[in-house]
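Spelled out, the chains give:
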Amino acid sequence: MDAVVLFSHGSLLCGAGLALEAHAARLRARGVAPIVEVGYLNYSEPPFTEAVERCVRQGADRIIVAPYFLVPGKFVRTDLPQAVAAVQAAYPEVAFAVAEAIGFDALLADALIASALDAAAPERWHDDLRRSTDHCRNRPECPLYDTPECPHTGTQRAA
Amino acid sequence: MSRKDALLVMVHGSPRPTANEEMFRVVEVVKRRGVFPIIVVGFLECNAPSIPEAIDQCVAQGATRLLAVPYFLHTGTHVAADLPALLEQGRERHPDVEFRLGDYLGRSERLTDILEARIRDCQNR
């Protein structure tokens, strides 16, 4: 049984994984593979190794790792092969394959044009920040922690 | 005065110049589609022009409306805070120009399409 792990860098900002979670949900709905998980190199949960573990527990015998990176730079060329070698050693009975990074695609031009034509006026420029605070994990590492934007520490101070 | 749109592509930038090659190829495709009379790429870090310089270039070319799109996959602090702040500064320098900000690329379902294609290529290899 095939599984997919979307591999991403991770972020300190709470809510930074929203876009990737949405892609994972769509890939599941499209039936691209019976199992689709998200795994991060740094900061965000779950870490890559835990995502692989979840796939194996659900019965995957082949795991396609798809890098959610625009450019195949250091993270894709160096860190990802190391991470894959480590899980391959832990699960020798599972086959691992790594997909290409996003790179060039004419669909990116479609996305750019659609975004520009639908662009918002200044009163909506902080929507991304608000969406992130909806997913507050109350972590001191988050750049919003202890700022007025943080729902946790901000509310505490107001109370 | 008739409206003249500028597309401002806001890119992270990289110390490795080759890291921007694929982004420039995408921008070439956008240019060929002929939707926007002005298209300028601006970088947050490392590369030139900077985003403030790119904003000023759009205005110097006669833009009356500036449509900014973050060429980013995630909402980190760059997308959520840094890029809106640079646009606010641009509005202050150019009060007669209308500024609009689009979704970052990662929010587009087209990215799901690309991931699906990369996964299927790998499955069939």
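This text gives an overview of the structure that appears in the document. Position numbers for residues start from 1 in each chain and track the written sequence from start to end. All chains are assigned letters beginning at A, and all ligands numbers beginning at 1, according to the order in which they are written. In view of the model being predicted, local features appear only for residues whose pLDDT reaches at least 70, and side-chain atom pairs are presented and counted only at 80 or more, with totals across whole chains, interfaces and linings using the full set of residues.

## A look at the pairing of strand S1 (residues 2-8) of chain A
Both faces of the sheet carry side chains from a regular strand, because those side chains alternate between them.
Residues and elements named next belong to chain A.
Part 1 of the reasoning: With C-beta atoms placed from the backbone, a residue is buried if 20 or more other C-beta atoms are within 10 Å of its own, exposed if 12 or fewer are, and partly exposed between those counts. Numbering of helices and strands runs from the N terminus; a helix is a DSSP stretch of H or I covering at least four residues, while a strand is a stretch of E covering at least two. The buried fraction of S1 amounts to six of the seven residues, a majority that puts the element mostly inside the structure.
Part 2 of the reasoning: Pairing analysis gives six bridges linking S1 to strand S3 (residues 62-67), with the strands arranged parallel. Residue pairing in the sheet places Ala 3 in a bridge with Ile 63 of S3.
Part 3 of the reasoning: Of the strand pairs in this sheet, S1 and strand S2 (residues 35-40) are connected by six bridges, and their pairing is parallel. Across the sheet, residue Ala 3 finds its bridge partner in S2, namely Ile 35. At least two DSSP bridges between two strands are required for those strands to pair.

## Regarding the interface of chain A and chain B
Interface extent is often summarised as the accessible area lost during association of the parts.
Part 1 of the reasoning: Two residues qualify as being in contact provided that their C-beta atoms, derived from the backbone, are within 7 Å of each other. The interface is formed by 49 residues belonging to chain A together with 48 residues belonging to chain B.
Part 2 of the reasoning: Secondary-structure elements contributing two or more residues to the side of chain A that touches chain B are S1, helix H1 (18-29), S3, helix H4 (106-117) and helix H5 (127-133) of chain A.
Part 3 of the reasoning: Broken down by element, the residue count for the side of chain A that touches chain B peaks at 11 residues, all from H4(A).

## Details of the sheet that holds S3(A)
Part 1 of the reasoning: The four strands are arranged S2-S1-S3-S4 (chain A) in an open sheet whose pairing can be described as parallel. Whereas interior strands pair on both sides, the edge strands pair on one side only; in this sheet they are S2 and strand S4 (95-98) of chain A. Taking the axes of each pair of neighbouring strands and ignoring which way they run, one obtains an average angle of 25 degrees across the sheet.
Part 2 of the reasoning: Angles run from 0 to 180 degrees between N-to-C directions of axes, and those axes are lines fitted to C-alpha atoms, restricted for helices to the stretch in contact. The strands touched by helix H3 (residues 74-90) of chain A are S1, S3 and S4 of chain A; relative to S4(A), the strand with the most contacts, the crossing angle is about 170 degrees.
Part 3 of the reasoning: Across the sheet, helix H4 (residues 109-123) of chain B is in contact with S1, S3 and S4 of chain A; its angle to S3(A) comes to roughly 140 degrees.

## Some points on the sheet that holds strand S3 (residues 65-70) of chain B
Part 1 of the reasoning: The strand order across the open sheet built from four strands is S2-S1-S3-S4 (chain B), with neighbouring strands paired in parallel fashion. Two strands in the sheet have a free side with no partner beyond their single neighbour: strand S2 (38-43) and strand S4 (98-101) of chain B. Along the sheet, successive strands turn relative to each other by an average axial angle of 20 degrees, direction set aside.
Part 2 of the reasoning: With four bridges joining them, S3(B) and S4(B) adopt parallel strand pairing. Looking at S4(B), one finds that B:Leu67 is bridged to B:Arg100.
Part 3 of the reasoning: Each of strand S1 (5-11) and S3 of chain B touches H4(A); the most contacted strand, S3(B), lies at about 135 degrees to it.

## Some details on the packing of H1(A) against H4(B)
Part 1 of the reasoning: For the pair H1(A) and H4(B), the least separation of the axes is 9 Å and the interaxial angle reads 60 degrees. Accordingly, the angle class assigned to the pair H1(A) and H4(B) is oblique. Every pair of crossing elements has a handedness; the one defined by H1(A) and H4(B) is right-handed. For the pair formed by H1(A) and H4(B), the contact residues are A:His23, A:Arg26 and A:Leu27 on the first element and B:Glu109, B:Leu111, B:Thr112, B:Leu115 and B:Glu116 on the second.
Part 2 of the reasoning: In this classification, Asp, Glu, Lys and Arg are treated as charged, Ala, Val, Leu, Ile, Met, Phe, Trp, Tyr, Cys and Pro as nonpolar, and every other residue, Gly included, as polar. For the contact of H1(A) with H4(B), the residue count by class is three nonpolar, two polar and three charged. Reported orientations rely on four angle classes, namely roughly parallel under 35 degrees, roughly antiparallel over 145, roughly perpendicular from 65 to 115, and oblique for the rest. Should the near helix be turned anticlockwise from the far one by less than a right angle, the crossing is termed left-handed; should it be turned clockwise, right-handed.

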